[in-house]
Amino acid sequence: ANCVSVSAQKNPSQFIAPWDYTVTTNDAGAAWKLLKGTIGDDPSLKIVDVDDAALYLRAEGTSKIPKGGVDDVEFLFVPEEKIVTIRSGSRDNQFVYPYQQPIPDGGYQKERMDGIRKKLGWVELNYAGNGMYSDNSSGPNTRGGETMTDAEYLQEYGDMPRASKFRLPW
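In this report, the structure presented in the accompanying data block is examined.

**Quick word on the nonpolar core**
As a rule of thumb, nonpolar side chains are buried together in soluble globular proteins.
Argument step 1. Grouped together as the largest cluster of nonpolar side chains are 23 residues, with contacts concentrated most on W19, F75, F77, M113 and W122.
Argument step 2. Elements supplying a minimum of two residues to this core: helix 1 (28-41), strand 4 (56-62), strand 5 (70-78), strand 6 (83-90) and helix 2 (108-120).
Argument step 3. By residue number, the principal contributor to this core is helix 1, which donates five residues.
Argument step 4. Setting aside chain neighbours within four positions, we find W19 in contact with F75, K82, I83, V84, I86, M113, I116, R117, L120, W122, V123 and E124.

**Focus on helix 1**
Argument step 1. The terminal C-alpha atoms of helix 1, which comprises 14 residues, lie 20 Å apart, in line with the 20 Å expected from a rise of 1.5 Å per residue.
Argument step 2. All of the buried residues in helix 1 are A28, A31, W32, L35, T38 and I39. Taken around the axis of helix 1, the buried residues stretch over an arc of 130°, which confines them to a single face. The exposed set on the far side of helix 1, more than 90 degrees from its buried face, consists of K33 and D41.
Argument step 3. Buried-residue contacts for helix 1 involve strand 3 (45-51), strand 4, strand 5 and helix 2.
Argument step 4. The N-terminus of helix 1 is capped by D27, whose side-chain oxygen sits 3.1 Å from the backbone nitrogen of G29.

**A closer look at the pattern of salt bridges**
Argument step 1. Applying the stated criterion across every chain, the model contains nine salt bridges.
Argument step 2. Residues K36 and D52 are paired through a salt bridge, measuring 2.8 Å at the closest nitrogen-oxygen approach. Pair noted here: K36 is in helix 1 and D52 is in the loop between strand 3 and strand 4, with a separation of 16 residues, a long-range link.
Argument step 3. Given a relative accessible area of 26%, K36 falls into the partly exposed group.
Argument step 4. A salt bridge links D71 to R112; the shortest N-O distance between them is 2.9 Å. Highlighted residues: D71 in strand 5 and R112 in helix 2, separated in sequence by 41 residues.
Argument step 5. Residue classification places D71 among the buried residues on the basis of a relative accessible area of 0%.
Argument step 6. Assessed through its relative accessible area of 9%, R112 is described here as buried.
Argument step 7. When salt bridges that share partners are traced, they join K110, D114, R117 and E124 into one network.

Calculation criteria
- Residues numbered from 1 in each chain as written.
- Predicted model: local features only at pLDDT ≥ 70, side-chain atom pairs only at ≥ 80, totals over all residues.
- Heavy atoms only, no water.
- Core = buried A, V, L, I, M, F, W, Y, C linked by side-chain atoms within 4.5 Å.
- Buried < 20%, exposed > 50% of the residue type's maximum accessible area, 1.4 Å probe, protein only.
- Helix = DSSP H or I, 4+ residues; strand = E, 2+ residues; numbered from the N terminus.
- Contact = heavy atoms within 4.5 Å.
- Expected span 1.5 Å × (residues − 1).
- Arc of directions from axis to C-beta.
- Polar contact = N/O pair within 3.5 Å; in protein donor to acceptor, adjacent residues only side chain to side chain.
- Salt bridge = Lys/Arg side-chain N within 4 Å of Asp/Glu carboxyl O.

Written as structure tokens, this is what we have:
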């Protein structure tokens, strides 16, 4: 319940789109190094698992709900698609009788992930199928807030994949 993930496509309240790092670099290695540094410098997170070969990182942070609980924050690069899949979720949920739904964290997981993404200078993809980014103001599918035509996109970015063509790795 207190979770956001790229794999939560059937639950809009828990869905978060993958990130595109190509607005800062086309090099997955450089983007990976930037992510590890940013997470390592974040005092609210502690890196507990890193797999450089798989481009996977897991960190732990303190939950908002339940107080003192542990959140897992995960990142998995998909360099072929030039995206980062992400997940942030609380390990425990708190229920109040007689309710059957956990007490929500008020969007804390999404705020955390948005804050990390903004520190990195990356953008979030959307699923409208139009290749636009969620903020509609930056990224390789827009120029000055205006949508680029396919010809303009190819001229400027070559064969870099558009947001509407990526596939999740699972």
